[in-house]
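Tertiary structure, described
Here's the letter readout for the chains.
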Amino acid sequence: MTEANISQTSNPSDECSICLSSLTQQGLDVFTTACQHQFHFQCLVKNIQAKNNECPLCRTRLDSLADVLNATSNNTVQQTITQNIISPPTTTPVPVNNAGIWNTLTRSLSSAFSWGNRNFRRPTSAASNNNSSSSINIFNKKSSPDDRVDEQAVRALADRIRTARQQSAGNHQEMPLVTLTTTMEFGAQESTKESNIYGMVSLKAPSLFSNITNEKELDELHVPIDLICVVDQSGSMGGQKISLLKDTLNYIVDQLTALDRLAIVSFDTNAYDRSDGLKLMTTQKKEVVRGAIRERIHASGGTYIGSGLQMAIDLFRNRQTTNPLGAMLLLTDGQDNQSHDYSRLMKSLPDGIVCHTFGYGSDHNAALLSQIAEQGYGGTFTYIDRMDAIGPSFAAAIGGLFTCIAKNLRIKLEFENDYQITHTHTTYDYEPKHLPSRQITFKMTDLNADESRNLVFQVKIPKLQSSESDDLDEHTIGHVSLEYTDANTDQTLHTPSVSFTIARPNQLDPQSSLLQVNYALDIQRNRAETSEVLKQAVDTTDYERANELVKGQLDKIRASVSAQDPLCQELIRDLEYKYSSQHEFKTTMTNMYMQHGQERATYSTCTTMSAARYMTSGQERYRKKLF
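Note that residues are indexed from 1 along each chain, following the sequence as it is written. This being a predicted model, a pLDDT of at least 70 is required before a residue's local features are given, and a value of 80 or more before pairs of side-chain atoms are given or counted; all residues contribute to the totals for chains, interfaces and linings. Hydrogens and waters are ignored; side-chain quantities use all the structure's heavy atoms.

Things to note about the nonpolar core
In this text, buried Ala, Val, Leu, Ile, Met, Phe, Trp, Tyr and Cys residues form a nonpolar core when linked through side-chain atoms within 4.5 Å. Residue exposure (1.4 Å probe, protein chains only): buried if accessible area is under 20% of the type maximum, exposed if over 50%, otherwise partly exposed. Ile228, Ile305, Leu309, Tyr342 and Ile372 are the most contacted members of the largest nonpolar core, which has 55 residues in total. Each helix is a run of H or I in the DSSP string that is no shorter than four residues. Each strand is a run of E no shorter than two, and both are numbered from the N terminus. With seven residues, helix H8 (residues 305–317) is the largest single contributor of residues to this core. In this view, Leu309 contacts Val230, Met328, Leu330, Tyr342, Leu345, Met346 and Ile372; residues no more than four positions away in its chain are not counted. Counting residues in each nonpolar core, the second largest holds 48 residues, with Phe209, Leu262, Ala397 and Cys404 among its members. Only heavy atoms matter for contacts: two residues are in contact if any of them lie within 4.5 Å across the pair.

Some details on the sheet that holds strand E15 (residues 429–431)
Strands qualify as paired when DSSP identifies two bridges or more between them. Pairing within the open sheet is antiparallel, and its five strands lie in the order E15-E16-E13-E18-E19. Two strands bound the open sheet, and with one partner strand each, they are E15 and strand E19 (492–503). Adjacent strand axes in the sheet meet at a mean angle of 20° when their direction is disregarded. When E15 meets strand E16 (residues 439–448), the two strands line up antiparallel, connected through three bridges. Bridge pairing links Asp429 to Lys443 in E16. To get an axis, fit a line to the C-alpha atoms, keeping to the stretch in contact for a helix; angles then go from 0 to 180 degrees between the N-to-C directions.

A few points about helix H7 (residues 283–296)
Since the α-helix turns once every 3.6 residues, residues separated by three or four places project in the same direction. For a helix, the expected span equals 1.5 Å multiplied by the number of residues minus one. End to end, H7 covers 20 Å across 14 residues, agreeing with the expected 20 Å (1.5 Å per residue, within 8%). Buried within H7 are the following residues: Lys286, Val289, Arg290, Gly291, Ala292 and Ile293. For H7, the secondary structure elements touched by its buried residues are helix H6 (240–255) and strand E7 (261–267).

Observations regarding the environment of Leu521
Within the fold, Leu521 resides in helix H12 (residues 519–539). Accessibility expressed as a relative area gives 0% for Leu521, which makes it buried. For the pair Leu521 and Val456, spaced 65 residues apart in the sequence, the C-alpha separation amounts to 8.0 Å. Those residues within four positions of Leu521 in sequence are excluded, and the remaining contacts are Thr183, Met184, Glu185, Tyr198, Gly199 and Met200.

Quick look at the pairing of E16
Summarising burial for E16: seven of the 10 residues are buried, a large majority. Bridge analysis of strand E13 (residues 404–415) against E16 gives nine bridges, and the strand direction is antiparallel. Bridging from a neighbouring strand, Ile411 pairs with Phe442 of E16.

Focus on the confidence of the model for the protein chain
Per-residue confidence from the predictor is given as pLDDT, running between 0 and 100. Summarising the model, the protein chain shows a mean pLDDT of 84, and 82% of its residues fall at 70 or more. Note that residues 72–85 has pLDDT below 50 and, in this model, 21 contacts with residues that lie over four places away or in other chains. Every residue in residues 90–104 is under pLDDT 50, and counting partners more than four places away or in other chains gives 27 contacts.

So, the sheet that holds strand E14 (residues 420–425)
Strand order in the open sheet formed by four strands is E4-E5-E17-E14, and the pairing between neighbours is antiparallel. Sheet topology places strand E4 (179–184) and E14 at the edges, where each strand pairs with a single neighbour. Between one strand axis and the next, the sheet turns through 25° on average, direction left out of account. On top of the sheet, H12 reaches E4, strand E5 (195–204), E14 and strand E17 (452–461); it is set at about 95° to E5, its chief contact.

Overview of the packing of aromatic side chains
The pairing test for Phe, Tyr and Trp rings, Trp by its six-membered ring, is centres within 6.5 Å, and the orientation test on the planes gives stacked under 30 degrees, edge-to-face over 60, and tilted for anything in between. For the structure on display, the rule yields nine aromatic pairs. Residues Phe358 and Phe394 carry aromatic rings whose centres are separated by 4.2 Å and whose planes lie at 10° to one another, so their mutual orientation is stacked. Highlighted residues: Phe358 in strand E11 (residues 354–360) and Phe394 in helix H11 (residues 390–401), separated in sequence by 36 residues. Taken together, the aromatic side chains of Tyr543, Tyr577, Tyr579 and Phe585 make up a single cluster linked through ring pairs.

Quick notes on the side chain of Ser307
Tracing the sequence through the fold places Ser307 in helix H8. There is a polar contact of 3.4 Å between the side chain of Ser307 and the backbone oxygen of Asn270. Here a polar contact is taken to be a pair of N or O atoms separated by no more than 3.5 Å, where protein atoms must pair a possible hydrogen donor with a possible acceptor and residues adjacent in sequence count only if both atoms sit in side chains.

Digging into the environment of Gln320
In this fold, Gln320 is placed in the loop between H8 and strand E10 (325–332). The exposure class assigned to Gln320 is exposed, which follows from its relative accessible area of 68%. When the C-alpha positions of Gln320 and Asp146 are compared, they lie 8.1 Å apart, and in sequence the two are 174 residues distant. From its side chain, Gln320 meets the backbone oxygen of Asn318 in a polar contact 3.4 Å long.

Focus: the pattern of salt bridges
Any carboxyl oxygen of Asp or Glu within 4 Å of a side-chain nitrogen of Lys or Arg constitutes a salt bridge here. Applying the stated criterion across every chain, the model contains 35 salt bridges. Salt-bridge contacts for Glu185 lead to Arg525; the nearest nitrogen and oxygen are separated by 2.9 Å. Placement of the pair is Glu185 in the loop between E4 and E5 and Arg525 in helix H12, with a sequence separation of 340 residues. With respect to burial, Glu185 and Arg525 carry one shared label: buried. Its salt-bridge partner being Lys407, residue Asp490 comes within 3.6 Å of it at the nearest N-O pair. In this pair, Asp490 is assigned in the loop between strand E18 (474–486) and E19 and Lys407 in strand E13, connecting sequence segments 83 residues apart. Residue class for Asp490 comes out exposed when judged on its relative accessible area of 54%.

Regarding the side chain of Arg290
Mapped onto the secondary structure, Arg290 falls in helix H7. Within the structure, Arg290 has its side chain in polar contact with the side chain of Asp254 (distance 2.5 Å). Among all residues touching Arg290, those that are not within four sequence positions of it are Asn250, Val253 and Asp254.

With respect to the packing of H11 against helix H16 (residues 617–624)
Two elements in contact, H11 and H16, have axes separated by 7 Å at closest approach and are oriented at 135°. Classified by the angle between their axes, H11 and H16 sit oblique to one another. When you trace H11 past H16, the crossing you get is right-handed. Mapping the contact onto sequence places Pro392, Ala395, Ala396, Ile398, Gly399 and Gly400 in H11 and Gly618, Gln619, Tyr622 and Arg623 in H16. Classifying every residue of the contact of H11 with H16 by side-chain character gives five nonpolar, four polar and one charged. The cut-offs work like this: below 35 degrees is roughly parallel, past 145 is roughly antiparallel, 65 to 115 is roughly perpendicular, and the gaps in between are oblique. A clockwise turn of the near helix away from the far one marks a right-handed crossing, whereas an anticlockwise turn of less than a right angle marks a left-handed crossing. Ten residue types, Ala, Val, Leu, Ile, Met, Phe, Trp, Tyr, Cys and Pro, are classed as nonpolar, four, Asp, Glu, Lys and Arg, as charged, and the remainder, Gly among them, as polar.

Notes on H11
For H11, spanning 12 residues, the distance from its first C-alpha to its last is 17 Å, which sits close to the expected 16 Å at 1.5 Å a residue. With 12 of its 12 residues buried, H11 lies for the most part within the structure. Where H11 is concerned, the buried positions are Ile390, Gly391, Pro392, Ser393, Phe394, Ala395, Ala396, Ala397, Ile398, Gly399, Gly400 and Leu401.

What about the packing of H12 against helix H15 (residues 582–598)?
As a packed pair, H12 and H15 sit with axes 8 Å apart at the nearest point and diverge in direction by 150°. Here H12 lies roughly antiparallel to H15, going by the angle between them. Of the two possible hands of crossing, H12 and H15 adopt the one that is left-handed. Counting all contacts with H12, which are made through Arg527, Ser531, Leu534, Lys535, Ala537, Val538 and Asp539, the residues of H15 involved are Phe585, Lys586, Met589, Thr590, Met592, Tyr593, His596 and Gly597. Of the residues in the contact of H12 with H15, the class split is seven nonpolar, four polar and four charged.

And the structure:
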C-alpha cells in the first residue's frame, strides 16, 4: 500500500532533496511519501513528468501519484472527489500557490478512488481543524484487500460447536432452544367488565458448554466474528488515555482466534484504516496489527465521529466474504467539532451488524452515542467514568459477542377475538407501530447465552356476554411464538408456541387470590417503567422536571408489591443518588436506562450498580482475563 501526504507545514531544518532548498517556503506545499521522505510537491510533479516514478532517496515506487497525474494530463477524469471524502463536510480546501497543479490533482483524485481506495483525507482550514497541517492520503489500486473468510474452516467449527452444545445439554440429538413463557398480571378478570391489564413474554437463552472447563477449548468454541474497532485519537486522548486504549485494543487482539477478522479504524477530524482492512487474526497477523496499534495511533487533532463511522460502515459493506457475526465498537472521549446527525449514515449499516458505543470521560455526547447505538441494531451504550474502566468496558462487550446464541429474533403475539395489545413498555422495535392491535411482533437483533428478556405490554380485556363464562377455568386468549436464526449454524429455528390464559368468571371476590398482582411481572414492570422514565428525564432540558420524574418513579416502586425484591431495592438505591450537575445526571442515566431497557450488562459506575445482575458468565469470564 502506498500512502502520500500533502502538508502545509514541515520541519524548517529539512530540505527538499530534489531542489536542495528549504522545505518550508511561502506558497510551496510539502509532499510526504509512505517511506516518510518529504519533498516540494511541485518538484515531485516535475520528476514524475520526466518519467521518474520513484522516491529520489530510497527508490520506493510512487505509482499512485504518477497514475493520478497521468490521468489528469489525459483529461480522462470528469468526476469530483466530493463523494469520496471521509472528513467533516463543512471544511474548505487550503489555498495553494500552484492552483493549476492543485486543481488538476484534485479533479483526478476520484479516479484513484475508483480503484478501491480505503482512505482519503481532505485538507482543512485552521478554523475547522486543530491540526497544524492538513493532508491527503492516496491509496493505489494494489492496496491490500480484506483477508478472505475460510468458509470450510468456519463450517467445521460450526459442527464442533453444535456437538459441544448438544453434549453440554445432555442431548446428542437436538440443540437446546431459547425458551418462552407467558404471564398475565392477574389470574382472572370478571367477564361482565372491560379492563386493561399487563401481560409479559419472557425469553431465556440456554447456557453454553457447562461441562467444559478447559480455558483453551472455551476460547476456541465461539462463533467467528468480523469486528471493527472505531477509536478516537483526537488530542484530548493524549497521555494515559491513549496508552490504556492501546492496551485494550491489544487485549481484543489477544481474544480473537484465527477465524475471526479484525479491523481498526482511528479518527480525529479524519479517519484512518490502521489495519488495512479486515484481517484474520492468525498469529502472524496479530503481530502486524499490534505493530499498527503501537506505531500508527497517536493522539492529535479535533474530533469528527462521522469520519470513523463512515469508514467502518464502508468496510462492512464492501466485504466479499463474511463471518457469521459482525459488530462495531465505537469509543470517543469528546464531541464533534460541529454538530452532526448520523441517522442517515447509520441506516447504511448492513443488517445484523451491532454497534456498541463507549463514551469516555465527562465531555462526550451521551445523547448522540446512545442514539448511534440504538440505530446500530440495538447496540449498547457505556459511560466510562474512569481511565482504568476502559478495559473492563470492552471486555464486557467482547464476552457478550463471543457467547451469542441467537440472531434476528422475531417474537409474535396473537390475541383472539376482541383481546388487543394497547401499549408496550420496551425499548425493542415492534410492528405494527399503531396500537391497539390483536397482533404484534417484537424484533431483537441478538440474544447471548444465559441472557433473559422480558417484554412487558398492556392488554385490553373485553367484556363478555354473561352466558359465555361462569366458572374459574382458565381460557386461552392468545399465544406467542418465536422464530430466530441460530448464530452458529445459521439455521432458522422455531420454538413451540405458548398460550396466554386467564379465567373469566361472572363475578370475583375482591379478596380472591386470582386478583393478586403477579410478583414476577411486577418486578419487570418496575424495571421497564424505570427505563422509560429515565429516558424522559434525560431528554428534557428542565433539570427540575427530570428530578420530579425520577421521584415519581421512586414512589411508584416503593408502593409496588415487589418493592422488597433485590432488583427493586437496587433500582431505588440508584435512583436516590443526587448528582452534582445535570450533565453528570444525563450521562449516567443514559447508561442506566439503556441497560435496564435492554436487560443487558455493560460497565456501570459506582452510582448505578443495579444493572450488574444482567452480567452473564461469559462476560465475567472475559472480564477476568484482564487481570
